[in-house]
Amino acid sequence: QVQLVESGGGLVQPGGSLRLSCAASGRTFSSYAMGWFRQAPGKEREFVAAITGAVGDTRYADSVKGRFTISRDNAKNTLYLQMNSLNPEDTAVYYCAARPNPIPVVGPGRYNYWGQGTQVTVSS
């Protein structure tokens, strides 16, 4: 069982930056692929970024490529999402997710564990 707790969301102006964190419980964090997803009101949950367990290979949605960076610190059992050049279309609840497999995938249904989400609002 893995428990995930996100933090770092908030209100930011267009063009600004935020860094989200996701603290994970469990002793085998490095063996899990981790992902970030987001869900805006009235829309389906969508893939943002994912990272492999130990090696750190990453995948990104086209909409965030070049602006967002996913990373992890396995010693701290923590996942991060650095978000730069934010725009109003990035407004959503952001969720971290884990799957007990080192290969990152984009489908939310393939992740077994989810955090409660953190709100990110980009507005002037």
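Values in this document were obtained by computation on a predicted structure and should not be read as measured data.

**Observations concerning the overall build of the protein**
Thinking step 1. Of the regular secondary structure elements, the protein holds 0 helices and 11 strands.
Thinking step 2. The order of α-helices and β-strands along the protein, N terminus first, is β-β-β-β-β-β-β-β-β-β-β.
Thinking step 3. On C-alpha atoms alone, the protein measures out to a radius of gyration of 13 Å, which is about the 14 Å that the 2.2 N^0.38 rule sets for 124 residues.
Thinking step 4. On the principal axes, the C-alpha backbone points of the protein span a range of 40 × 25 × 25 Å.
Thinking step 5. For the protein, with 124 residues in total, the buried portion stands at 45%.

**Here we look at the state of the cysteines**
Thinking step 1. Here the structure, examined in full by the defined rule, presents 1 disulfide.
Thinking step 2. Here C22 pairs with C96 through a disulfide, and the sulfurs are 2.0 Å apart. Its S-S torsion of approximately 50 degrees makes the covalent link between C22 and C96 right-handed. Here C22, found in strand β3 (residues 18-24), pairs with C96, found in strand β9 (residues 92-99); they are 74 residues apart in sequence, far enough to count as distant. Each member of the pair, C22 as well as C96, is classed as buried.

**With respect to the pairing of strand β4 (residues 33-39)**
Thinking step 1. Among the 7 residues in β4, 6 count as buried, and that is most of the element.
Thinking step 2. Relative to β9, β4 is paired through 7 bridges, and the arrangement is antiparallel. Its bridge partner being in β9, A33 is matched across the sheet by R99.
Thinking step 3. Alignment of β4 against strand β5 (residues 46-51), held across 5 bridges, turns out to be antiparallel. Residue W36 lies in a different strand from β5, and its bridge partner there is A49.
Thinking step 4. Where β4 folds back onto β5 in an antiparallel hairpin, the turn is made up of 6 residues, including G42, whose phi is positive at roughly 80 degrees.

**Section: the packing of aromatic side chains**
Thinking step 1. Going through the model one piece at a time under the given rule, you end up with 6 aromatic pairs.
Thinking step 2. Between F37 and Y111, the aromatic rings sit 5.2 Å apart at their centres with planes inclined by 75 degrees, giving edge-to-face as the arrangement. With F37 in strand β4 and Y111 in the loop between β9 and β10 (113-114), this residue pair connects regions lying 74 residues apart in the sequence. Like Y111, F37 is buried.
Thinking step 3. Aromatic pair Y95 and W114: ring centres 6.4 Å apart, planes at 80 degrees, arrangement edge-to-face. Remark: W114 occurs in strand β10 and Y95 occurs in strand β9; sequence separation between them is 19 residues.
Thinking step 4. For W114, a relative accessible area of 27% corresponds to the partly exposed category.

**So, the nonpolar core**
Thinking step 1. Formed by 36 residues in total, the largest nonpolar core has its most connected members in L4, M34, W36, L81, M83 and Y94.
Thinking step 2. Among the elements of the structure, β3, β4, β5, β7 (68-73), β8 (78-83), β9 and β11 (118-122) are those that each provide at least two residues to this core.
Thinking step 3. Setting aside anything within four residues of it in sequence, one finds L4 in contact with C22, A23, A24, M34, C96, A97, A98, Y113, W114, G115 and Q116.

Basis of the calculations
- Residues numbered from 1 in each chain as written.
- Predicted model: local features only at pLDDT ≥ 70, side-chain atom pairs only at ≥ 80, totals over all residues.
- Heavy atoms only, no water.
- Helix = DSSP H or I, 4+ residues; strand = E, 2+ residues; numbered from the N terminus.
- Rg over C-alpha atoms; globule rule 2.2 N^0.38 Å.
- Buried < 20%, exposed > 50% of the residue type's maximum accessible area, 1.4 Å probe, protein only.
- Disulfide = S-S within 2.5 Å.
- Pairing = 2+ DSSP bridges.
- Phe/Tyr/Trp six-rings, centres within 6.5 Å; stacked < 30°, edge-to-face > 60°.
- Core = buried A, V, L, I, M, F, W, Y, C linked by side-chain atoms within 4.5 Å.
- Contact = heavy atoms within 4.5 Å.

Distances and angles like these do not, on their own, reveal function.
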